[in-house]
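The primary structure of each chain is shown beneath.
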Amino acid sequence: MLGQGSDTTVPEGRLMRGIFNRMYVNIYGKSGIVDEGLYGQRFEVIEGCAGGTGACLKVRTDYGYEGCVKGCDVIMDDCAAPYREAAGHGECSLVQVVKAVADIMPEPAAASVRLMSVTRGAIIMCCAATEEPDSQALLCTGEKNGYVCVRLYDGGTGYIKRSYIEEYVKPIDADKLSKLTEAEKTVLRKRLVNTAMSYLGTQYRWGGKTPLGIDCSGLTSMSYMLNGVYIYRDARLMPGFPVRQISYDNIKEGDLLYFPGHIAMYIGEGEYIHSTARPGSDGVVINSLNPAADNYRRDLAESIYAAGSVFGTWCQTPVPARIKVKEESGHGWDTDQTHVPEGYEGF
């Protein structure tokens, strides 16, 4: 099993997949930590030899992001296959964690010693389990003391509060998105906004995407991912992903606002939610595009260069000359300080 002494080298021509096996796993790029993999999320191995504590794998996540992870923080699919297969045969059902932080216990009791903790966005398997040898099976739809049984990817089992999880939302492809009715679009837009709002007050963390700390593109990408839509992880429009540029006049709840090196979600009534490192905000806050509002930020309102939506059709809008910049890293300003406007103190 990866991370427990066995070495795994990626054979040439063979696709290897794995699962993040920690509350969150740091994903490293050239500039340091650029993303986090959450417990139960999957990835494809691009290259590397893993097994030792310091071993490193280059991976590509299911949402198309690439980086390096420590081998001890992941488990390969062939090790977790029995449990994934159990989910596929109806013995378990995949669920996602919606609580900010949730403990998994060895018994369905608050006083037991927790096995591990997971964050919002973790993917786990809710399974059938017996309370005692002769008892009736406790299914995910049933509860004991408010807990349901879950199966862990290392082979163990535990219990989590039923109210902390919901059915896993399978990825929605572009074709399905294009066929949503107006009523379905309205429901999805509200879910996107509500999900983003659930992170309100979370501290800013570069490369983060959990309620323990999250950056601007982590907030928007997780809000979409938890609702089955995989958008680009960084703060820019990217071909091959479902967000398309739209006219500012058509922006609605759940759509995205793009700034140089920054991204936010429009929540209606002229307001947007975003994660910012600016002193005095220091995390997920709501700001306004209305100059008369107390939470108006002129620097951001005057630097929007695009609006994007997964619901609209492509509309190429010229970028205002005052904010034409070299493509940024995505989490914030590039380290080349020539790109930073005068007086910049962090988005």
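Definitions and limits used
- Residues numbered from 1 in each chain as written.
- Predicted model: local features only at pLDDT ≥ 70, side-chain atom pairs only at ≥ 80, totals over all residues.
- Heavy atoms only, no water.
- Helix = DSSP H or I, 4+ residues; strand = E, 2+ residues; numbered from the N terminus.
- Expected span 1.5 Å × (residues − 1).
- Contact = heavy atoms within 4.5 Å.
- Core = buried A, V, L, I, M, F, W, Y, C linked by side-chain atoms within 4.5 Å.
- Buried < 20%, exposed > 50% of the residue type's maximum accessible area, 1.4 Å probe, protein only.
- Pairing = 2+ DSSP bridges.
- Axes fitted to C-alpha atoms, helices over the stretch in contact; angles between N-to-C directions.
- Salt bridge = Lys/Arg side-chain N within 4 Å of Asp/Glu carboxyl O.
- Parallel < 35°, antiparallel > 145°, perpendicular 65-115°, else oblique.
- Left-handed = near helix turned anticlockwise from the far one by under 90°.
- Nonpolar A, V, L, I, M, F, W, Y, C, P; charged D, E, K, R; others polar.

Quick look at helix α3 (residues 182-197)
Phase 1 of the analysis: Here α3 is 16 residues long and its end C-alpha atoms lie 23 Å apart, about the 22 Å a rise of 1.5 Å per residue gives.
Phase 2 of the analysis: In this structure, the buried residues of α3 make contact with α2 (174-178), α4 (216-225), β22 (262-268), β23 (271-276) and β25 (306-309).

Some points on the nonpolar core
Phase 1 of the analysis: One finds Val69, Tyr224, Val229, Leu256, Met265 and Val310 to be the most contacted residues of the largest nonpolar core, which totals 45 residues.
Phase 2 of the analysis: Take this core: its biggest share by element is five residues, from α4.

Examining the pairing of strand β7 (residues 66-70)
Two faces make up the sheet, and in a regular strand the side chains alternate between them.
Phase 1 of the analysis: Here β7 shows a buried face lined by Gly67 and Val69 and an unburied face lined by Glu66, Cys68 and Lys70.
Phase 2 of the analysis: Here strand β6 (residues 56-61) pairs with β7 via five bridges, running antiparallel. Pairing of Leu57 across the sheet is with Val69, part of β7.
Phase 3 of the analysis: Counted along the chain from β6 to the antiparallel partner β7, the turn is four residues long, and its residue Gly64 has a positive phi close to 85°.

A closer look at the sheet that holds strand β9 (residues 92-97)
One key point about sheets: their strands pair by backbone hydrogen bonds, in either a parallel or an antiparallel sense.
Phase 1 of the analysis: Sheet architecture is open: five strands sit in the order β16-β15-β12-β9-β17, paired in antiparallel fashion. With one partner strand each, in any of the chains shown, β16 (157-161) and β17 (165-167) form the two edges of the open sheet. On average, adjacent strands in this sheet sit at an angle of 50° to one another, irrespective of strand direction.
Phase 2 of the analysis: Taken together, the two bridges between strand β12 (residues 123-127) and strand β15 (residues 147-151) define a ladder with antiparallel strand orientation. When the sheet's bridge partners are listed, Met125 is paired in β15 with Arg151.

A few points about the pattern of salt bridges
Oppositely charged side chains can form a pair if their charged atoms are brought close together.
Phase 1 of the analysis: Under the criterion given, the structure shown has 15 salt bridges.
Phase 2 of the analysis: The salt bridge partner of Asp175 is Lys179, with a shortest N-O separation of 3.2 Å.
Phase 3 of the analysis: Looking at Asp175, the relative accessible area reads 45%, which means it is partly exposed.
Phase 4 of the analysis: Arg298 is the partner of Glu302 in a salt bridge, and the nearest nitrogen-oxygen pair spans 3.0 Å.
Phase 5 of the analysis: When salt bridges with common partners are traced through the structure, they connect Asp35, Lys209, Asp215 and Arg233 into a single cluster.

Section: the pairing of β12
Phase 1 of the analysis: Among the five residues in β12, five count as buried, and that is most of the element.
Phase 2 of the analysis: Here β9 pairs with β12 via five bridges, running antiparallel. Counted as the bridge partner of Val95 is Ile124 from β12.

As for the sheet that holds β25
Phase 1 of the analysis: The strand order β20-β25-β21-β22-β23-β24 describes an open sheet built from six strands, whose pairing is antiparallel. Looking at which strands have only one partner, the edges of the open sheet turn out to be β20 (244-246) and β24 (283-288). Each adjacent strand pair in this sheet contributes to an overall mean axis angle of 35°, direction not counted.
Phase 2 of the analysis: Here three bridges tie strand β21 (residues 256-259) to β25, and the two strands are oriented antiparallel to one another. Each bridged residue has a counterpart across the sheet, and for Tyr258 the counterpart in β25 is Ala306.
Phase 3 of the analysis: Across the sheet, α3 touches β22, β23, β24 and β25, and the angle it forms with β22 is around 120°.
Phase 4 of the analysis: Together, β21, β22, β23 and β24 form the strand contacts of α4, whose direction differs from that of β22 by roughly 50°.

Overview of the packing of α3 against α4
A pair of packed helices can be characterised by two numbers: the angle between their axes and the separation between those axes.
Phase 1 of the analysis: Between α3 and α4, the shortest axis-to-axis distance is 9 Å and the interhelical angle comes to 130°. The angle between the axes of α3 and α4 places the two elements in the oblique class. α3 and α4 meet at a crossing whose hand is right-handed. Facing α3, whose interface residues are Leu192, Thr195 and Ala196, α4 presents Leu219, Met222, Ser223 and Tyr224.
Phase 2 of the analysis: Among the residues forming the contact of α3 with α4, the class breakdown is five nonpolar, two polar and no charged.

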